[in-house]
Amino acid sequence: MPDKYDMLKIENQLCFPLYASAKEVVKKYRPYLEQIDLTYTQYITMMVLWEYNQMNVKTLGERLYLDSGTLTPLLKKLENKGLVSRKRSDKDERNITVSVTEKGMELREKAVEIPSKIGGCINLSQEEALTLYRLLYKVLGKDTFTETDSRTAPAAVSRSVSSPERQ
């Protein structure tokens, strides 16, 4: 007969393996990110800016699931490193646009190998990685993907997990 407290056991929680896995994956990034002097949160911010070159702070926060209390000091640190610039709108000074600088774009060359190095640390087949990718985005409420999204989704994992021992 199940104990009424069984649902409070950590092994019965979906949130715990999500939390622990995320923490462990971020830990795997640390040695690579130290080489380019970024934290994981700074790195994902730069990834978005490398893709779009510039973005409104509010949109950037939404894209990264970061609130302004986290994003503002992070952007100040990136600006102090010379990787981004921030500019207030002339029309509405509450509206700030963040742009990647030339130095920030140069850093992209140093970071380009990180996703495949991380993929080599994740013990999933390409199919498992794609399934996990889809499920995690479904949890985030984004469960519609184009065929292109499905093929390219977990680039960091799919490029390096295709070895036979992981299939």
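The structure presented is a predicted model; accordingly, all values stated were derived computationally and were not measured.

A.B. asks: Lay out helix H7 (residues 126–139) in plain terms, naming residues and giving numbers.
C.D. replies: Helical geometry: 3.6 residues make up each α-helical turn, so side chains three or four residues apart lie on a common side. Between the first and last C-alpha of H7 there are 20 Å, a value that for 14 residues agrees with the 20 Å anticipated at 1.5 Å per step. Looking at the residues trailing H7, positive phi occurs at Gly 141, about 85 degrees.

A.B. asks: Which residues make up the nonpolar core, and what values do they have?
C.D. replies: Counting residues in hydrophobic clusters, the biggest one holds 29 residues, and the most contacted among them are Leu 38, Tyr 43, Met 46, Leu 75, Leu 78 and Ile 114. Counting only elements with at least two residues in this core, the list comes to helix H1 (15–35), helix H2 (40–52), helix H3 (57–64), helix H4 (68–80), strand S3 (96–100), helix H5 (102–111) and helix H6 (114–119). With 6 residues, H2 is the single largest residue contributor to this core. The contacts of Ile 114, once residues within four sequence positions are left out, are Tyr 29, Tyr 32, Leu 33, Ile 36 and Tyr 43.

A.B. asks: Which residues make up the packing of aromatic side chains, and what values go with them?
C.D. replies: Given two aromatic rings, their pairing is described by the distance between the two centres and the angle made by the two planes. The full count for this structure, using the stated rule, is 5 aromatic pairs. Ring centres of Tyr 29 and Tyr 40 lie 5.1 Å apart, and the angle between their planes is 65 degrees; this geometry places the pair in the edge-to-face category. Residue Tyr 29 is found in helix H1, and its partner Tyr 40 is found in helix H2; the two are separated by 11 residues along the sequence. Tyr 40 gets classed as partly exposed once you look at its relative accessible area, which sits at 28%.

A.B. asks: Give a detailed account of the pairing of S3, specifying residues and quantitative values.
C.D. replies: With respect to burial, S3 is a largely interior element, 4 of its 5 residues being buried. Here strand S1 (residues 54–56) runs beside S3; their pairing, made up of 3 bridges, is antiparallel. Looking at S3, one finds that Met 55 is bridged to Val 98. Alignment of strand S2 (residues 84–88) against S3, held across 5 bridges, turns out to be antiparallel. Following the sheet pairing, Arg 88 is matched in S3 by Ile 96.

A.B. asks: For the packing of H2 against H5, give the residues involved together with the corresponding values.
C.D. replies: Two elements in contact, H2 and H5, have axes whose closest approach is 11 Å; the angle formed by their N-to-C orientations is 110 degrees. Comparing the axis directions of H2 and H5 gives the class roughly perpendicular. Two packed elements cross with a definite hand, and for H2 against H5 that hand is left-handed. Here H2 contributes Tyr 43, Met 46 and Trp 50 to the contact with H5, which in turn contributes Gly 104, Met 105, Leu 107, Arg 108 and Ala 111.

A.B. asks: Can you explain unusual backbone geometry? Please cite residues and give values.
C.D. replies: Even without being glycine, Asn 53 reaches a positive phi, approximately 70 degrees. By the element assignment, Asn 53 lies in the loop between H2 and S1. On the basis of relative accessibility, which here comes to 41%, the residue Asn 53 falls in the partly exposed class. We note that Tyr 65 has phi near 60 degrees; this positive angle belongs to a residue other than glycine.

A.B. asks: Please set out the sheet that holds S1 residue by residue, giving values where relevant.
C.D. replies: On the basis of which strands lie adjacent, the open sheet formed by 3 strands has the order S1-S3-S2 and antiparallel pairing. The open sheet has two edge strands, S1 and S2, and neither has a second partner. If you compare each strand with its neighbour and ignore which way they point, the axes differ by 20 degrees on average. Strands S1 and S3 of the sheet are contacted by H3, whose axis makes an angle of about 95 degrees with S1.

A.B. asks: Quick one: what's the story with the pattern of salt bridges, residue by residue and with numbers?
C.D. replies: Where charged atoms of side chains with opposite charge meet at close range, the side chains can pair. By the definition in use, this model includes 6 salt bridges. The salt bridge involving Asp 37 is made with Lys 81; its shortest N-O contact spans 3.5 Å. Of the two residues, Asp 37 sits in the loop between H1 and H2 while Lys 81 sits in the loop between H4 and S2, which places them 44 residues apart along the sequence. In this structure Lys 81 comes out as partly exposed when scored by relative accessible area, which is 23%.

Cut-offs and rules
- Residues numbered from 1 in each chain as written.
- Predicted model: local features only at pLDDT ≥ 70, side-chain atom pairs only at ≥ 80, totals over all residues.
- Heavy atoms only, no water.
- Helix = DSSP H or I, 4+ residues; strand = E, 2+ residues; numbered from the N terminus.
- Expected span 1.5 Å × (residues − 1).
- Core = buried A, V, L, I, M, F, W, Y, C linked by side-chain atoms within 4.5 Å.
- Buried < 20%, exposed > 50% of the residue type's maximum accessible area, 1.4 Å probe, protein only.
- Contact = heavy atoms within 4.5 Å.
- Phe/Tyr/Trp six-rings, centres within 6.5 Å; stacked < 30°, edge-to-face > 60°.
- Pairing = 2+ DSSP bridges.
- Axes fitted to C-alpha atoms, helices over the stretch in contact; angles between N-to-C directions.
- Parallel < 35°, antiparallel > 145°, perpendicular 65-115°, else oblique.
- Left-handed = near helix turned anticlockwise from the far one by under 90°.
- Salt bridge = Lys/Arg side-chain N within 4 Å of Asp/Glu carboxyl O.

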